[in-house]
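This is what each chain is made of:
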Amino acid sequence: MSSRPIRTGRVRPEVSRLRAKVSPSLAPPPPPQQALAFEPRELWVGLHLPWLEIEALQQTAGKTPRAIVELQGQTQYVVAACERAQRFGVRRGMGMAAALALVPDLETCARDATRERQLLERLATRAYRFTPRVSLVPPDGLVLEVKGSLHLFGGAEGLCRALESDCFEAGVKPIVSLAPSPLAALAGARAGKSLLITDATHLVGEISALKLFTLRWPAEVIERLRQVGVYTVGQVLRLPRAGFARRFGREHLAELDRLTGRDADLRDHFRLRERFRRKKDLLQELEHHESILSALTSLLEELGEFLKVRQCGVTQIACLLKHRRIPRTRCVLRFAAPAANARHFAKLFAEKLSTLNLSEPVRGIELRSGDLVPCTAADASLWQPGEYGGETRGVALEIIEHLRARLGHESVYGLRVLESHRPETSWAVAELGGRASKGRVVENHVPWFVQRRPAWLLREPQPLSQRKGLPRHHGELRFLEGPDRVEAGMAVQGRVSRDYYIVRDSRGVRLWIFRDLKPPREAASAATSAWFLQGILG
Amino acid sequence: MFANAPALTPEISADAERPGLETLLQHPAIWRGRSAAQVSVVPSGFPALDQALPGGGWPCAGLIEILVSHIGVGELNVLLPALATLTRRDGERWCAWVAPPFEPFAPALSAHGVMLDRLFVVRTEQPLWAFEQSLISGACEAVLAWAPRAPSRDIRRLQLAAEKGRALGVLFRPLAVARESSNAVLRVIVEPTEQGARITLLKSRGGHRGSVDLAWSHYPTQGRVMPSQPKRSDSRTGSL
């Protein structure tokens, strides 16, 4: 058998002899640049998530102890157990029957690879806080290149602590190691050690004590190495390169080179998703708005997190509520300005949901964001808005969104002036929000205009009844002022020719009426009434 | 014994007490009758009205009620100069119109000096909800609302909301509710007169009661205006 040419008893002397003979080419000497440069070019954080399987399920937590079981051969074995189950003595690798004997109400479930992947991606997204060079190492690891951001987090140790607490917040317990190469950092983390190697010359020395399983090589390779008496990374590194490559495969030699930083380790960076889209299936059907909202809150928080790391905001969020029989209910929020605050979202959804009439209970929720818009967080004010001159611009838009969430987007609008002589086309609905638009302001305070234009306008001119050719509205009208001739309009809209008067009715209300002076040829076909009420002076 | 008391008190402590008391009395929550009503106000734009109103203008924070027999008897004319001032203030706060009975005519408001980009209109079936939310948000300088039905306990909520959000809330109500009690800071009736409007103060916290006559400054000449016959209407007069 060519795979076992060396008898175990002689391995070590032979290895050392070989090394003594041809040492320059065999044991990897540190690359010259690294030997000269005291600091490594890259520093990697390896994140190992030993409890990821259970944590991925735990996100939809119940309180019963849980374990994940997997069928291996004929028996089901425990692959992971939650903390509660571990306290009762359930361990990895235990048979399911033994675990159930220890904890009779143990909830056993299968692994959910999709959820694990989602959780890993979520962590990667959070890790963008520390560096843009984040790579996934499926199924349970992450590596981050952090050399450039060490000074922002108080050095290597500070960064590792910050990363850990970030993971705790996400409900995940990680093991964090830092080393000049990603594989070394990962290997350290997998061994359960929190290594902090910031000096490239110490790398080999520090990792040589690590056990071989940390490299995640195929079991057969590790077994063969074990049979030749090689148990640790250090021992592997001491083997002759040529012989190692021949017997255990070139790819493993290349991996060792990457491990020690002799070769560059090229990795695909994790790309952030461009839109947020997350589904959530509910454990029970929900009917009440409050319970739907509380189920939605965790998704909204994820969305807030998603936006925060990208420094982006959204102007639209859609929430789809899944029912048993009827099609999904769609509930859309639109914002006046890009928003990224989860609490603000929740407040608006509370209004939106309270106006929603659901004919069936909700079984699932899906949240989708619209396009992301760059949005830098504004400085917040120390004071409450309106208090001691507290800043109000941000809040100013919040109130509009708040009203719109309940009343509908079109129910809240601004006004603007258009260039037109026809009263009905001289104003328009204006979009609110964004930065204060420095609109055109009629600065010159024209007295005659102020007094002769009404504060109220009727959407449609209202025909007035007549007696003896004079208009009537709540009795006789007294003419106060007029006429103002308005002749305007293009052929498309139809020409207008009107005489405007200000009149006063018997109740004391001043009205703005006009007499329609249509060109004779149109008048023949026009309605009989020539007087219209268009405004109220107010 | 009491006559002696001042003599026993050392002079110095009496002097030291006075500034403390004065500062205390300046506190806006302490009300000492009309003489010392300390409220921040916005001038109404009509000097005669300013004299009658407590503090010399509309209150900047609080709910006022304007009671009218019909929409358009002059209530907006009374209010527009103050709105123009409020929308030009620093702080970038809004002026909201909740459930107005007609469309506010933008060119006329603009000509009155109201900044249109600080104004928004809310169309709703629940004017009181939108009114309260706008008042309490602190993002509005003034909120105008038209609500025919407003129970008195809601008025109290609205008054508290206006104080909390430091906004001027104006509620337009029908004249019929004049006999009901109300928690508003100020209640005013606006009636039309020949030359302008008469403002009657029904209730004013720390102010006078009574009426003020306002004349619209650019009211037409006394000459009677009659509609002239349209020049090109020869063929139409028969149909009128």
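See above for the structure.
Okay, so let's go over this structure. Position labels on residues start from 1 in each chain and follow its written sequence. Whichever chain is written first is A, and whichever ligand is written first is 1; the rest continue in order. Local features in a predicted model are, by the rule used here, given only for residues with pLDDT of at least 70; side-chain atom pairs are given and counted only at 80 or more, and totals for whole chains, interfaces and linings are based on all residues.

Re the overall build of chain A
Secondary structure is summarised from DSSP: a helix means a run of H or I of at least four residues, a strand means a run of E of at least two, and numbering begins at the N terminus for each. Counting its secondary structure elements, chain A contains 18 helices and 21 strands. Counting other C-beta atoms within 10 Å of each residue's C-beta, where C-beta atoms are placed from the backbone, gives the exposure class: buried for 20 or more, exposed for 12 or fewer, partly exposed between. Counting over 538 residues, chain A shows a buried share of 35%. Nonlocal contacts in chain A, meaning residues at least 24 apart in sequence, comprise 58% of its contacts between residues at least 6 apart. Contact between two residues is assigned when their C-beta atoms, built from the backbone, lie within 7 Å.

Considerations on the overall build of chain B
The secondary structure content of chain B amounts to 7 helices and 11 strands. When burial is assessed residue by residue, chain B has 43% of its 240 residues classed as buried. Considering only residue pairs separated by 6 or more positions, chain B has 67% of its internal contacts joining residues 24 or more positions apart.

Description of the sheet that holds strand E8 (residues 168-174) of chain B
Think of it this way: DSSP has to see at least two bridges between two strands before they count as a pair. Reading across the sheet, the 10 strands line up as E14(A)-E13(A)-E6(B)-E4(B)-E7(B)-E8(B)-E3(B)-E9(B)-E10(B)-E11(B) and stay open at both edges, with mixed pairing between neighbours. Bordering the open sheet on either side are strand E14 (427-430) of chain A together with strand E11 (210-215) of chain B, each of which pairs with just one other strand. Sheet twist, expressed as the mean angle between neighbouring strand axes with direction ignored, is 25°. Every angle, taken between N-to-C directions, lies between 0 and 180 degrees, and every axis is a line fitted to C-alpha atoms, over only the stretch in contact when it is a helix. Where helix H6 (residues 127-136) of chain B meets the sheet, it contacts strand E4 (94-98), strand E6 (119-122), strand E7 (140-146) and E8 of chain B, and its direction lies at approximately 170° from that of E7(B).

A closer look at the sheet that holds strand E1 (residues 44-48) of chain A
All names here are of chain A. Taken in spatial order, the 4 strands of this open sheet run E5-E6-E1-E7, and their pairing is antiparallel. This sheet does not close on itself; its edge strands, each paired only once, are strand E5 (134-137) and strand E7 (175-179). Taking each pair of neighbouring strands and ignoring which way they run, the sheet shows an average axis angle of 20°. Summarising the sheet, E5 and strand E6 (residues 141-145) pair through 4 bridges and their orientation is antiparallel. By the bridge assignment, valine 134 is partnered in E6 with leucine 144. Here helix H7 (residues 155-169) sits on the sheet and contacts E1 and E7; the angle it forms with E7, its principal contact strand, is near 155°. Those strands touched by helix H8 (residues 182-190) are E1, E5, E6 and E7, and its axis lies near 35° from that of E1.

Quick word on H6(B)
Each α-helix winds once per 3.6 residues, and so residues spaced three or four apart point in a common direction. Residue and element names in this part refer to chain B. Burial runs high along H6: 9 of the 10 residues are buried. Every buried residue of H6 is listed here: Pro127, Leu128, Ala130, Phe131, Glu132, Gln133, Ser134, Leu135 and Ile136. Where H6 ends, the next residue or the one after it, glycine 138, has phi of about 80°, a positive value.

Topic: the nonpolar core
A set of buried residues drawn from Ala, Val, Leu, Ile, Met, Phe, Trp, Tyr and Cys, joined through C-beta atoms within 7 Å, is what defines a nonpolar core. In this structure, B:Val98, B:Val122, B:Cys140, B:Ala142 and B:Val143 are the most contacted members of the largest nonpolar core, which totals 126 residues. Not counting residues within four places of it along the chain, the set of residues in contact with B:Ala142 comprises B:Leu83, B:Leu86, B:Cys95, B:Ala167, B:Leu168 and B:Val170. Ranked by size, the runner-up nonpolar core spans 66 residues in total, among them A:Phe130, A:Leu163, A:Leu186 and A:Val228.

So, helix H13 (residues 250-260) of chain A
All names here are of chain A. Within H13, the full set of buried residues consists of Leu256, Leu259 and Thr260. The arc that holds the buried residues of H13, viewed along the axis, is 85°, so those residues lie on one side. Exposed side of H13, more than 90 degrees from the buried face: Arg250 and Glu251 are the residues found there. Structurally, H13 contributes buried residues whose contacts are with H8, helix H9 (203-207) and helix H11 (233-238). Two residues or fewer after H13 comes glycine 261, characterised by a positive phi angle close to 85°. In this context, the arc is that of the directions from the helix axis out to the C-beta atoms.

Focus on the environment of A:Glu481
Residue and element names in this part refer to chain A. Note on placement: glutamate 481 falls in strand E18 (residues 478-488). Overall, glutamate 481 belongs to the buried group, with 20 C-beta atoms counted inside 10 Å. Remark: the alpha-carbon pair of glutamate 481 and tyrosine 501, spanning 20 residues in sequence, is separated by 5.6 Å.

So, the packing of H6(B) against helix H7 (residues 152-165) of chain B
All names here are of chain B. In contact at an axis separation of 7 Å, H6 and H7 are set at 25° when each is read in the N-to-C sense. By the criterion of interaxial angle, the relationship of H6 to H7 is roughly parallel. When H6 is examined against H7, the residues Leu128, Phe131, Glu132, Leu135 and Ile136 are found in contact with a partner set consisting of Asp154, Arg157, Leu158, Ala161, Ala162, Lys164 and Gly165. Only Asp, Glu, Lys and Arg are considered charged in this grouping, and only Ala, Val, Leu, Ile, Met, Phe, Trp, Tyr, Cys and Pro are considered nonpolar; every other residue, Gly among them, is considered polar. The residue makeup of the contact of H6 with H7, split by class, is 7 nonpolar, 1 polar and 4 charged. Each angle receives one of four descriptions, namely roughly parallel if under 35 degrees, roughly antiparallel if over 145, roughly perpendicular if within 65 to 115, and oblique otherwise.

Regarding the environment of A:Glu220
Assignment of secondary structure puts A:Glu220 in helix H10 (residues 219-227). Considering only alpha carbons, one finds A:Glu220 and A:Phe248, 28 residues apart in sequence, at a separation of 9.9 Å.

Considering the packing of helix H12 (residues 241-248) of chain A against H13(A)
Residues and elements named next belong to chain A. H13 packs onto H12 with a crossing angle of 130° between their chain directions and a minimal axis gap of 6 Å. Here H12 lies oblique to H13, going by the angle between them. Contacts between H12 and H13 pair Arg241, Phe244, Ala245 and Phe248 from the former with Arg250, His252 and Leu253 from the latter. Considered class by class, the residues forming the contact of H12 with H13 number 4 nonpolar, 1 polar and 2 charged.

Read these as layout, nothing more, since geometry by itself doesn't imply function.
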